Amino acid sequence: MGTGTGIGRVRGLGSAKHGAHHWLAQRYTAVGNLLLVLWLVFSLLSLPGLDYESVVSWIHNPLVAVPLMLMVVSIFMHLRVGMQVMLEDYVHDKGLAFFSMLVLNFYAFGGAAAGVFAIAKIAFIGVVKP
Amino acid sequence: MARSNSRPLSPHLTIWKWGPAMAVSIMHRVTGNGLATAGALGLIWWLMAAATGPEAYATFVKCATSPIGYLVMIGLSWFFFQHLFSGLRHFVLDMGAGYELKNNKMWSIATFILSLLTTGFVWLYIFGKAL
């Protein structure tokens, strides 16, 4: 007691214990990115080729599609919290700061959805003959 | 931001002599945001092209393997490894280790050396395989 916000003091609640949430989310997704993007880099380097058929038949494998989806989600969660910190530091105008958060969230969720959709389509349909 | 001009500010970026720790710190932000924009968009473009079909994929490959495409990919790979090693440094600092002046300076410089070496190895491997 005696710390935290005014309303918290009135209610006698103190901290909500969620103060480190943003910071921790950055670290959890950082570990996810570390493992998954390195896996992608090594996989791409060891593929026989990076032409359409090689790449699509590789992603078609469930053991590739699932980690690849996780990678896309981890990347976009990580860039969402990361870019938020950057924008909070540099965008001082209140209205512009609000707008930048809006755009950032659209970008992060839109990008993750597009990536997961693309992987799912390849996983279910596979190589498309021209 | 609202600030009273009669109050002093603590000395900020302008008065400090540049050192490796400052360079690695700002590069972490630059590489992170570069990867978050150009890197993430490139990744989604690649996945979407592969999901759309052979023609869309051919367009992606044509752009990616143009001189500018290679420049962007080599740059992004270096950004990735710099952000990776700098991020690993952050994990160590998060644990409260590595703040001694000598250690801090050494690991700051090490992130740059390691990222350049890894990027070099990756592209030597790629171009070596292509030959």
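Throughout, residues of each chain are indexed from 1 in the direction in which the sequence is written. Chain letters start at A and ligand numbers start at 1, both assigned in the order the entries are written. Since the coordinates come from a predicted model, pLDDT governs what is reported: local features require at least 70, and pairs of side-chain atoms require 80 or more to be given and counted, while whole-chain, interface and lining totals use all residues.

Per an unreviewed UniProt entry, chain B goes by Succinate dehydrogenase cytochrome b556 subunit and derives from Sphingobium limneticum. UniProt positions are given in the numbering used here, feature names are shortened, and annotations may be inferred rather than shown by experiment. According to UniProt, the comment filed for chain B under the heading Subcellular location (unreviewed entry) is "Membrane". According to the UniProt record, the Function (unreviewed entry) comment for chain B is "Membrane-anchoring subunit of succinate dehydrogenase (SDH)."

**A look at the overall build of chain A**
Helix and strand definitions follow DSSP, with helices as H or I runs of at least four residues and strands as E runs of at least two, each counted in order from the N terminus. Across its full length, chain A holds five helices and zero strands. Along its sequence from the N terminus, chain A presents helices and strands in the succession α-α-α-α-α. Between the buried cut of 20 or more and the exposed cut of 12 or fewer other C-beta atoms within 10 Å of a residue's own C-beta lies the partly exposed class, and all C-beta atoms are placed from the backbone. The 130 residues of chain A split such that 21% are buried. We call two residues in contact when their backbone-placed C-beta atoms lie within 7 Å. Contacts in chain A between residues far apart in sequence, at least 24 positions, make up 68% of those at least 6 positions apart.

**Some remarks on the overall build of chain B**
Helix and strand counts for chain B stand at four helices and zero strands. What you see in chain B, going N to C, is helices and strands ordered as α-α-α-α. Against the globule reference of 14 Å for 131 residues, chain B gives a C-alpha radius of gyration of 20 Å, more extended than a compact globule. For chain B, the spread of C-alpha atoms along the three principal axes comes to 65 × 40 × 25 Å. Buried positions account for 22% of the 131 residues belonging to chain B. For chain B, the share of sequence-separated contacts (at least 6 apart) that also reach a separation of at least 24 residues comes to 75%. Based on C-alpha atoms, the radius of gyration is set beside the globule rule, defined as 2.2 Å times the residue count to the power 0.38.

**A word on the nonpolar core**
Linking buried Ala, Val, Leu, Ile, Met, Phe, Trp, Tyr and Cys residues through C-beta atoms within 7 Å yields a set, and such a set is a nonpolar core. Among the nonpolar cores identified, the biggest contains 33 residues, and Ala40 and Ala50 of chain B are the most heavily contacted of them. Sorting the residues of this core by element identifies helix H3 (52-60), helix H4 (62-90) and helix H5 (94-125) of chain A together with helix H1 (20-52), helix H2 (54-64) and helix H3 (67-94) of chain B as the ones contributing at least two each. It is H1 of chain B that contributes the most residues to this core, nine residues altogether. Setting aside residues up to four positions removed in sequence, Ala50 of chain B forms contacts with Tyr52, Val55, Val56, Ile59, Ala118 and Ile122 of chain A together with Tyr57 of chain B.

**A short note on the interface of chain B and chain A**
Each side of the interface is counted separately: chain B has 20 residues, and chain A has 24 residues. Those elements giving two or more residues to the side of chain B that touches chain A turn out to be H1, H2 and H3 of chain B. Broken down by element, the residue count for the side of chain B that touches chain A peaks at eleven residues, all from H1 of chain B. For this scheme, ten residues count as nonpolar: Ala, Val, Leu, Ile, Met, Phe, Trp, Tyr, Cys and Pro. Four count as charged, namely Asp, Glu, Lys and Arg, and the remainder, Gly too, count as polar. Classifying every residue of the side of chain B that touches chain A gives 14 nonpolar, four polar and two charged.

**Details of the UniProt feature "transmembrane region" (unreviewed entry) in chain B**
Residue and element names in this part refer to chain B. Mapped onto this structure's residue numbering, the UniProt feature "transmembrane region" (unreviewed entry) falls at residues 30-48, 68-85 and 106-126. Regarding residues 30-48, the helix share stands at 100% and the strand share at 0%, and the terminal C-alpha atoms are separated by 26 Å. As annotated, residues 106-126 comprises 100% helix and 0% strand, and the C-alpha atoms at either end are separated by 30 Å.

**Structural notes on the UniProt feature "binding site: heme" (unreviewed entry) in chain B**
Residue and element names in this part refer to chain B. Mapped onto the present numbering, the UniProt feature "binding site: heme" (unreviewed entry) falls at His83. Looking at the element boundaries, His83 is found in helix H3. When sequence neighbours within four positions are dropped, the list of residues in contact with His83 reads His28, Thr31, Gly32 and Leu35.

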